[in-house]
Amino acid sequence: MLLYQLRALERVFGTRKFAAFVFVCAVVGQTLCVGALLLVWLLSPRALAAVNIVAGGPYMLLFACLHQLHVQVPAAAEMRLFGVDLGDKWLVDATAASLLLARLPAALVPAASGVAASMVYSADIAGLRQWRFPRWVECAAGRWVGPLLTARRNQFGGDAEADTPRGAPSARQQQQHRPAAAAAAAPDELVDLVQGMFPAVERARVAQALLAAGGDGDRAAAILLDSGAA
C-alpha cells in the first residue's frame, strides 16, 4: 500500500533518477545502519540487545522515499481533522507510522537509516544527486531484465499478442503509432515551447514526453533530460 502511495515520487524524479536514488539510499542506508549498531555497541553493550535484531523488509527504502515525498512533493490540499491541520499526505504518514510501531524496536534502526540516507541524498554530498547509472548498465537492464519483468506470458495468462482479437492492432503496432498519437494530443503551443528548449529533439518525442507528463511542461523537460535529450 505504501509503495503504491509513494508512486508520485517516481513521477517527479523520472525513472532513471528514481533508480539512482533507490541504489544510493540502499548503499548509504545500509552503511549507516551498520555504523549505528557499532556505535550503540561501543557506547552501551546492554542497549545493543534492544536494537540488535533488525527487521526484515523494505523499511529503509520506504522511509527514505517517505522523506523525499515530503521534500519534493508539496501539499496539494489541506484538511482539518479533530481540530488538527493535516496535509494530503496524512494517510501515507499514518500507514508508515503503523508499520513502524508494529515492529518496534526491530524496525527503528532501518527506518532511521533510510531517513538519514535520504537526507544525505538531499544534501548532495559528493554529488550523489547528480549520479546516474552508466548507459551500458541501463541498456543491459533494458535488454535482459526488462523482458523478465514485463513478460507477456505467465501462469495465469497467455501471449498478449495471441489474445488480441483478429483485426485489432497488436501491442507492437500500438507502440509504433504512439508518437503520432502523442503529437495529436499535445497542444501545438506547448510542444513549441518545450521544443524550443530542445531544438535537436524530434517533435513527436517532445509531444510524447508531454503526454507522459500529463501536459506539464516542467515535468516533460525533466523526462527529456533524464532520457539524455540534452
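In the annotation of an unreviewed UniProt entry, the entry for the chain reads CUE domain-containing protein, and the organism field reads Coemansia biformis.

Glancing now at a nonpolar patch on the surface. Together, M1, M79, W90 and L91 line one region of the surface with nonpolar side chains, adding up to about 390 Å² of accessible area. By secondary structure assignment, the location of M1 is in the segment before α1 (2-5). M1 sits in the exposed class, given a relative accessible area of 64%.

When the UniProt feature table is mapped onto this chain, "transmembrane region" (unreviewed entry) is found at residues 20-43 and 49-71. Here residues 20-43 is 100% helix and 0% strand, with 34 Å between the C-alpha atoms at its ends. Note that residues 49-71 is 70% helix and 0% strand, and that its end C-alpha atoms are spaced 34 Å apart.

Turning our eyes to something else, we now look at the pattern of salt bridges. Here the structure, examined in full by the defined rule, presents one salt bridge. When the shortest N-O distance is used, the salt bridge between R203 and D192 registers 2.7 Å. On the criterion of sequence distance, the pair formed by R203 in helix α11 (residues 203-212) and D192 in helix α10 (residues 188-197) is long-range, its members being 11 residues apart. With a relative accessible area of 42%, D192 lands in the partly exposed category.

Okay, the side chain of S113 next. Within the secondary structure, S113 is located in helix α7 (residues 108-122). Residue classification places S113 among the buried positions, given a relative accessible area of 4%. Apart from the residues within four sequence positions on either side, S113 is in contact with G29, L32, C33 and M60.

For the rest of this paragraph, the subject is the packing of aromatic side chains. As enumerated under the stated definition, the model contains seven aromatic pairs in all. A ring pair is formed by F13 and F21, whose centres lie 5.6 Å apart and whose planes are at 75°; its orientation type is edge-to-face. Take F21: its relative accessible area is 0%, and that puts it in the buried class. An aromatic cluster of three or more residues is present, and its members are F13, F18, F21 and Y121. It is R7 that lies over the ring of Y4; its NZ or CZ is 4.0 Å from the centre.

About the cut-offs
Residues numbered from 1 in each chain as written. Predicted model: local features only at pLDDT ≥ 70, side-chain atom pairs only at ≥ 80, totals over all residues. Heavy atoms only, no water. Patch = residues over 30% accessible without salt bridge, like charges linked within 9 Å, V, L, I, M, F, W, Y side chains within 5 Å. Areas by Shrake-Rupley, 256 points an atom, 1.4 Å probe, with all protein chains shown as cover. Salt bridge = Lys/Arg side-chain N within 4 Å of Asp/Glu carboxyl O. Helix = DSSP H or I, 4+ residues; strand = E, 2+ residues; numbered from the N terminus. Buried < 20%, exposed > 50% of the residue type's maximum accessible area, 1.4 Å probe, protein only. UniProt positions renumbered as here; feature names shortened; annotations may be inferred. Contact = heavy atoms within 4.5 Å. Phe/Tyr/Trp six-rings, centres within 6.5 Å; stacked < 30°, edge-to-face > 60°. Lys NZ or Arg CZ within 6 Å of the ring centre and 35° of its normal.

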